[in-house]
Amino acid sequence: MEIPTYGELLKLVWFLVWRHVVILMFVSMTIGWGLPVILNYTVSEDSQYLLEICIYGVLFLGITPFILKTLFQKQFQGFQIIFQRDTHSPPLSQS
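Now for a description of the structure that goes with this document. On a predicted model such as this, the values are computed, not experimentally measured, just so you know.

1. Side note on the environment of Ser 44
In this fold, Ser 44 is placed in the loop between helix 1 (6–39) and helix 2 (45–73). Using a relative accessible area of 36% as the deciding quantity, one classes Ser 44 as partly exposed. Residues Ser 44 and Trp 18, spaced 26 residues apart in sequence, show a C-alpha to C-alpha distance of 30 Å.

Next comes the structure, spelled out in structure tokens:
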């Protein structure tokens, strides 16, 4: 396995970070601001914490896998990320 250069690692970090920030802002505005306006209710302090947990749950369980999937489809300048699965299972150790 070839180890990526520092510049390539920075490209990967930038790819992941800016997508997370933009999508987190969108999800936060949609759930945290839009939902109370649409449903016409005021968010209490306790409900605000539940909304934040919901926002992070949506981000990490729903959106992060999508972002990682796009990482494998993107052609970076000079390289691309390839996912390779081992088809054989490792031998079981005998006691």
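2. Some details on the nonpolar core
In this structure, Leu 12, Phe 15, Val 27, Ile 31, Leu 51, Ile 55, Leu 59, Ile 63, Ile 67, Leu 71, Phe 76 and Phe 79 together form the largest nonpolar core, which totals 12 residues. Mapped onto this core, the elements with two or more residues apiece are helix 1 and helix 2. Looking at this core, the element that brings in the most residues is helix 2, giving six residues. With sequence-adjacent residues up to four places away left out, Ile 55 is seen in contact with Leu 24, Val 27, Ser 28, Ile 31 and Gly 32.

3. Overview of the packing of aromatic side chains
Taken as a whole and judged by the stated rule, the model has three aromatic pairs. Where Phe 15 meets Phe 76, the ring centres are 5.6 Å apart and the plane angle is 70°; that geometry is what we call edge-to-face. Linking Phe 15 in helix 1 with Phe 76 in strand 1 (residues 75–76), this pair joins segments that are 61 residues apart in sequence. Taken as a pair, Phe 15 and Phe 76 share a single burial class, namely buried. Measuring from centroid to centroid gives 6.3 Å for Tyr 56 and Phe 60, while their planes differ by 20°, and the two rings are stacked. Placement of the pair is Tyr 56 and Phe 60 together in helix 2, with a separation of four residues, close to one helical turn. A network of ring pairs unites the aromatic residues Phe 15, Phe 76 and Phe 79 as a single cluster.

What counts as what
Residues numbered from 1 in each chain as written. Predicted model: local features only at pLDDT ≥ 70, side-chain atom pairs only at ≥ 80, totals over all residues. Heavy atoms only, no water. Helix = DSSP H or I, 4+ residues; strand = E, 2+ residues; numbered from the N terminus. Buried < 20%, exposed > 50% of the residue type's maximum accessible area, 1.4 Å probe, protein only. Core = buried A, V, L, I, M, F, W, Y, C linked by side-chain atoms within 4.5 Å. Contact = heavy atoms within 4.5 Å. Phe/Tyr/Trp six-rings, centres within 6.5 Å; stacked < 30°, edge-to-face > 60°.

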